[in-house]
2 protein chains.
Amino acid sequence: MADADDSTSGGLADPAEGETVTGRGSLDRRRIIDAAVSLIDQFGLRQLTMRRLGAHLGVEGMALYHYIPGRESLLDGIVETVIDELLDDSELVVVGNDWRGYLRRLALAVRRTAIAHPEVFPLIATRPSMSPWTRPPLRSLRWTETFLRTMKDCGLSDEAAIAIYRGFCSFLLGHLLLDLAGPPVDRAAAGTDPATRQSAPDAGEYPLLASIEPDSMLANSVEFEQELEWLLHRLAAMFAD
Amino acid sequence: MADADDSTSGGLADPAEGETVTGRGSLDRRRIIDAAVSLIDQFGLRQLTMRRLGAHLGVEGMALYHYIPGRESLLDGIVETVIDELLDDSELVVVGNDWRGYLRRLALAVRRTAIAHPEVFPLIATRPSMSPWTRPPLRSLRWTETFLRTMKDCGLSDEAAIAIYRGFCSFLLGHLLLDLAGPPVDRAAAGTDPATRQSAPDAGEYPLLASIEPDSMLANSVEFEQELEWLLHRLAAMFAD
DNA sequence: ACCTGAACACCGTTCAAGT
DNA sequence: ACCTGAACACCGTTCAAGT
């Protein structure tokens, strides 16, 4: 009874659930996507199945089709949700035409996202098609639009905005995929698929690879921030105010 | 008869087949992998199926398991084959400790590969796990070993070799994924999956995105080579001979 | 209104049986 | 020796039927 009357869409009454088993409370596109992200983080993309996702939500799998057109669409939704939530971050506002400061904060935020969701980021970077008329390197139209909008609002020309956009994206893709390639930081199970593949080739075949200490391949935020500064400096030099 | 005696592994007798329908001539790990690459190039990764791959080779699908442990292993094989064939390129030899020249040639070769196999490169950049003890950003142990070996042979220290390796990989990943993100150059069908997804959102929602001319997002080899020079210059400055 | 059951066409993979 | 047929456990997806 109380349940039914309570269905104002705002939802101030936070159920404060655990986190993984989302339990009841009727389904919802957003809730489905969040559950999917959590499943991917825990078990890897390969394990994300409509049926398993349904079960995780206490529902029969086929029920998801009432909220989402299909699995591909779900993946698109995940990409958008994960990348777009950065835009709503209150720290991410440009202050006084300082686009360099904005980009610095944005880069660090994207990096945090990539590291928080190591199995989702490759999706963000390599998801096929989307709309054929444009396919941004980070697969969110809204993110891209906001990026360009912000650069223009800072007084940059169209050409400058696009050049900065390209340089920034290529920087992020390269550095973040490098970071994610390293030995799993602590993101335990993810990727340790039961369908484990060929046993490690004997290290003897690759002496140099075996000799370097794993730490030198590790994600390194100091290095990231330093290279980021160089990039911003170079971009600023190209498009001086 | 002649066939059996002819099985010296060199294989001078080139059958000079068409290219896609590889037809008979008994199966072979290498032939299977090549066929898989060709299928991915034509129809996209999603369409690569053990059964379809079998059919493409004139065989029943289950037959592939005599040569390859499973689909995951096949994908690993594809990644290695595509990236490793660069190493055998005769132009790719270091001459007189000129590691910059070597890296320049290597970068261009990797770029050609990425553009020739746009659906395979994301695999090279984001394939999960491999051996847990090390997972290079470009997923080939042999490629990585050769890279480091070459740098050391040019007289660079371990630290320099690794730093250069990281900088180089991150550069390639960023720039090549940016290139592949652009509008499909001519790689027709690939990615135009029949399972096409949501109809394009009306361009009105993203005015800036809609206003920029697609060309400005296009793969641009001049820009690539220029940025490559800057990278090599910077690396050389850090690790002067 | 919202979910389920059963069904369909397809997977990857195994294995006994064919030739 | 090399491939096939049938089978198993699983997919994504559709849709009539339940509550």
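Values in this document were obtained by computation on a predicted structure and should not be read as measured data. (Residues numbered from 1 in each chain as written. Chains lettered and ligands numbered in written order. Predicted model: local features only at pLDDT ≥ 70, side-chain atom pairs only at ≥ 80, totals over all residues. Heavy atoms only, no water.)

S.K.: For this particular structure, what's the right way to read the overall build of chain A?
M.R.: Across its full length, chain A holds 10 helices and zero strands. When its helices and strands are written in sequence order, chain A yields α-α-α-α-α-α-α-α-α-α. The 241 residues of chain A split such that 49% are buried. Across chain A, every contact between residues at least 6 apart in sequence was considered, and the portion connecting residues at least 24 apart equals 67%. Surface exposure of chain A reaches about 12,200 Å², of which carbon and sulfur atoms provide 53%. (Helix = DSSP H or I, 4+ residues; strand = E, 2+ residues; numbered from the N terminus. Buried < 20%, exposed > 50% of the residue type's maximum accessible area, 1.4 Å probe, protein only. Contact = heavy atoms within 4.5 Å. Areas by Shrake-Rupley, 256 points an atom, 1.4 Å probe, with all protein chains shown as cover.)

S.K.: Looking at this model, I keep getting lost on the protein's contact with DNA strand C. Mind explaining?
M.R.: Taken together, 16 residues lie around DNA strand C, and Glu60 and Tyr67 of chain A together with Arg51, Tyr65 and Arg71 of chain B are the ones closest in. When atoms of DNA strand C within 4 Å of the protein are split into backbone and base, the sugar-phosphate part holds 47%. At a separation of 3.4 Å, a base nitrogen of DNA strand C approaches a polar side-chain atom of Arg51 of chain A. One of the side-chain N or O atoms of Tyr65 of chain B is found 2.9 Å from a phosphate oxygen in DNA strand C. Per element, the largest residue contribution to the surface near DNA strand C is three residues, and it comes from helix 3 (residues 50–56) of chain B. Here the residues of the surface near DNA strand C sort into eight nonpolar, three polar and five charged. (Near = heavy atom within 4 Å. Polar contact = N/O pair within 3.5 Å; in protein donor to acceptor, adjacent residues only side chain to side chain. Nonpolar A, V, L, I, M, F, W, Y, C, P; charged D, E, K, R; others polar.)

S.K.: What's the story with the protein's contact with DNA strand D in this structure? I'm lost.
M.R.: As a matter of local geometry, DNA strand D sits amid 15 residues, with Arg51, Tyr65 and Arg71 of chain A together with Glu60 and Tyr67 of chain B nearest to it. When the atoms of DNA strand D within 4 Å of the protein are sorted by group, sugar and phosphate make up 51%. Residue Thr49 of chain A places a side-chain N or O atom 3.3 Å away from a sugar or linking oxygen belonging to DNA strand D. At 2.6 Å, a backbone N or O of Glu60 of chain B approaches a phosphate oxygen of DNA strand D. When residues in the surface near DNA strand D are grouped by element, the largest group, three residues, is from helix 3 (residues 50–56) of chain A.

S.K.: Explain unusual backbone geometry to me, please; I cannot follow it from the model alone.
M.R.: Residues apart from glycine generally show negative phi values, whereas peptide bonds are mostly found in trans. The phi angle at Asn97 of chain A is positive, at roughly 60 degrees, despite the residue not being glycine. Within the secondary structure, Asn97 of chain A is located in the loop between helix 4 (71–84) and helix 5 (99–116).

S.K.: What's the story with the interface of chain A and chain B in this structure? I'm lost.
M.R.: Reports often express the size of an interface as the amount of accessible area lost when the parts come together. Residue-level contacts link 60 residues of chain A with 60 residues of chain B. Where chain A abuts chain B, roughly 5,500 Å² becomes buried across the two surfaces, and 61% of that area is made up of carbon and sulfur atoms. The interface formed by chain A and chain B contains six salt bridges. At the surface where chain A touches chain B, the tally comes to 22 residue pairs in polar contact (both at pLDDT 80 or more). Of all the elements in the fold, those that place two or more residues in the side of chain A that touches chain B are helix 4, helix 6 (121–126), helix 7 (141–153), helix 8 (158–181), helix 9 (207–211) and helix 10 (221–238) of chain A. Counting residues per element, the side of chain A that touches chain B draws most heavily on helix 8 of chain A, at 12 residues. For the side of chain A that touches chain B, the class distribution of residues is 29 nonpolar, 14 polar and 17 charged. (Buried area = accessible area lost by both parts, 1.4 Å probe. Salt bridge = Lys/Arg side-chain N within 4 Å of Asp/Glu carboxyl O.)

S.K.: Would you explain the relation of the copies chain A and chain B in this entry?
M.R.: The operation relating the pair of chain copies consists of a rotation about an axis and a translation along that axis. Overlay of chain A on chain B (RMSD 0.0 Å): rotation 180 degrees, translation along the axis 0.0 Å. Here the transformation between the copies is reduced to the relation of a two-fold axis. Minimal C-alpha distance to the rotation axis in chain A is attained by Gly174 of chain A, lying at 1.9 Å. The fraction of interface residues of chain A whose copies in chain B are also interface residues reaches 100%, indicating that both copies meet through the same surface. (Least-squares fit on C-alpha atoms with pLDDT ≥ 70 in both.)

S.K.: What am I meant to see in the environment of Leu57 of chain B here?
M.R.: Residue and element names in this part refer to chain B. Within the secondary structure, Leu57 is located in the loop between helix 3 and helix 4 (71–84). Judged by relative accessible area, which is 3%, Leu57 ranks as buried. Each C-alpha atom of the pair Leu57 and Leu232 lies 44 Å from the other, and the pair is 175 residues apart in sequence.

S.K.: Would you mind going over the state of the cysteines with me for this structure?
M.R.: Think of a disulfide as a covalent bridge from one cysteine sulfur atom to another cysteine sulfur atom. Residue and element names in this part refer to chain A. Taken as a whole and judged by the stated rule, the model has zero disulfides over all chains. We note that Cys154 lacks a disulfide partner, and the nearest cysteine sulfur, in Cys169, lies 16 Å from it. By relative accessible area, which is 7% here, Cys154 ends up buried. (Disulfide = S-S within 2.5 Å.)

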